Number of protein chains: 2
Amino acid sequence: MAHPAPSARAQVRRAPNRADYSPATLHAILDEGIVAHVGFTADGFPAVVPTGYARDGEHLLLHGSTASRLMRVAATQPVCVTVTLLDGLVLARSAFNHSMNYRSAVVYGQGRVLEGDEKRAAMRTFMEKLLPGRWDAARPPDAKEMLGTMVVALPLSEASCKVRAGPPLDEERDMEFACWAGVVPLRTVPDPPVQDPKQAPMPVPAEVASWRPGRRQGHIPSVG
Amino acid sequence: MAHPAPSARAQVRRAPNRADYSPATLHAILDEGIVAHVGFTADGFPAVVPTGYARDGEHLLLHGSTASRLMRVAATQPVCVTVTLLDGLVLARSAFNHSMNYRSAVVYGQGRVLEGDEKRAAMRTFMEKLLPGRWDAARPPDAKEMLGTMVVALPLSEASCKVRAGPPLDEERDMEFACWAGVVPLRTVPDPPVQDPKQAPMPVPAEVASWRPGRRQGHIPSVG
């Protein structure tokens, strides 16, 4: 493996043959995903909360209300942020060898609150990574909305990925078992955009009409 | 709200207007999802691991190798299991009011290892919930495979859901802002099944060809 695990806790334990510690894989998974699951400890118990996110260079950006427990936690405690892309059901000849094709990224760390220009740039990045062109189209945040939003940057320095792809792996003894084997590929697709009924009809903007998950390349300044 | 929160930790804090504690909502979300994110504490730090799961009545079933840390943890420690269905991007006139449509379920608890007949029934349930008809088609687990697999049942007694649906909610002052507003619906779809190249071509079985996420109703005995 060209890239070693960055730390003990970021080392993949189960099925280490599926581990991938390369930045290219990490970036690709994070850039295709939309929702992350953030794990933290609350009152002594584990908690997992889904949230939107964006990758900005070597950081993962989270944002939310300043009143949100998740944001306070992400800025002050160790968290684990996991993004999973489900690529298919793997149907083997044997029940035992059924599996799923997936790409997952796990990031361990503690966030840092962004303020001032850095915060505003990150909020733009957040939106542009999800839907390029949207930041300039929408009404920008005013001072009160900026104050009500917290943005946290989490370094990607302690991360690992796991990837399973390809057909089922049955044992030699099962190869002649008369059961169809293969993969049902899965993907996330958009349906045609639905305009807000409270708005007079207008054409769907090109960046909205053509939006697809995983095609989200912008030219966006990085958080330092 | 007809159904109150079952416990303090299962009470939704942020955006409580989106909270839903009804069993019907919980069951519907768990039955449509395929991958759960399991949160636990490992060496003092939070960890979040994706895994397949199935709902069986008032339990959530997890399974995996007896060598898996996740399975050992799920059987001996408190965990938090979160399932999130992303239903759409919510594009508001204001940057601030952008959101996502989603349905999420969060289950807190500690699992119980299933053994013997109960374990075997649960393994069948696990597969049949994902793809009805598959258990009888595939080569059943032998004694060694049964020994190598751990099945854990987590009660659904401490759970909560959050649901956001519908158009963006812009403020009155933004209603005339000239920016297209609405929703880009998202869904997970299967592509045509791809047979294992190591198998002589055979027709795709009906239950595989017609499989869709969320259409997984089986007639399956429940774990007690």
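The numbering scheme is per chain: residues are counted from 1 as the chain's sequence reads. All chains are assigned letters beginning with A, and all ligands numbers beginning with 1, in the order in which they are written. Local features in this predicted model are restricted to residues of pLDDT 70 or higher, and side-chain atom pairs are both shown and tallied only at a pLDDT of 80 or more, whereas totals for entire chains, interfaces and linings draw on every residue. Based on all heavy atoms of the structure, the side-chain values leave hydrogens and waters out of the count.

Chemist: Would you take a moment to explain the pattern of salt bridges for this structure?
Modeler: Side-chain pairs of opposite charge can arise whenever the charged atoms involved come near each other. A carboxyl oxygen of Asp or Glu within 4 Å of a side-chain nitrogen of Lys or Arg is what we treat as a salt bridge. All told, the structure shown has 30 salt bridges over all chains when counted by the stated rule. Note that arginine 173 of chain A is salt-bridged to glutamate 145 of chain B, the shortest N-O span being 3.3 Å. A residue pair is termed interchain when its members come from two chains, as with arginine 173 of chain A in the loop between strand 10 (159–164) and strand 11 (182–190) and glutamate 145 of chain B in helix 5 (residues 143–148). For every residue, the accessible area obtained with a 1.4 Å probe (protein chains only) is divided by the maximum for its type, and the residue is called buried under 20%, exposed over 50%, and partly exposed between those limits. Residue classification places glutamate 145 of chain B among the buried positions, given a relative accessible area of 5%. A network of salt bridges, in which partner residues are shared, links Arg139, Asp142 and Glu145 of chain A together with Glu171, Arg173 and Asp174 of chain B. In this description a helix means any DSSP run of H or I spanning at least four residues, a strand means any run of E spanning at least two, and both kinds are numbered starting from the N terminus.

Chemist: Please explain the packing of aromatic side chains as it appears in this structure.
Modeler: The description of an aromatic ring pair uses the distance of the two centres, along with the angle that the planes make with each other. Within 6.5 Å between ring centres, the rings of Phe, Tyr and Trp (the latter by its six-membered ring) count as paired, and their orientation is classed by plane angle as stacked under 30 degrees, edge-to-face over 60, tilted in between. Scanning the model with the defined rule gives 0 aromatic pairs over all chains in all. Here arginine 9 of chain A stacks its cationic end above the ring of phenylalanine 45 of chain B, 4.3 Å away from the centre of that ring. Two limits define a charge over a ring: the Lys NZ or Arg CZ must be within 6 Å of the ring centre, and within 35 degrees of the ring normal.

Chemist: I keep staring at the nonpolar core and nothing clicks. Help me out?
Modeler: Soluble globular proteins: nonpolar side chains tend toward being buried together. To form a nonpolar core, buried Ala, Val, Leu, Ile, Met, Phe, Trp, Tyr and Cys residues must be joined to one another through side-chain atoms within 4.5 Å. Core analysis: the largest hydrophobic core is formed by 66 residues, its most contacted members being Leu60 of chain A together with Leu60 of chain B. When checking whether two residues touch, look at their non-hydrogen atoms; a contact exists if any pair is within 4.5 Å. Once residues lying within four places of it in the same chain are set aside, the contact partners of leucine 60 of chain B are Leu30, Tyr53, Ala54, Arg55, Val81, Val107, Val152, Ala153, Leu154 and Leu156 of chain B.

Chemist: Please explain the relation of the copies chain B and chain A as it appears in this structure.
Modeler: Superposing the two chain copies requires a rotation about an axis and a translation along that axis. Of the two same-sequence chains, chain B is brought onto chain A (RMSD 0.0 Å, axial shift 0.0 Å) by a rotation of 180 degrees. The operation mapping one copy onto its partner corresponds to a two-fold rotation axis. For chain B, the minimum C-alpha distance to the rotation axis belongs to threonine 188 of chain B and amounts to 2.2 Å. An overlap of 100% is found between the interface residues of chain B and their copies at the interface of chain A, pointing to a shared contact surface. The copies are overlaid by a least-squares fit using only the C-alpha atoms of residues whose pLDDT is at least 70 in both copies.

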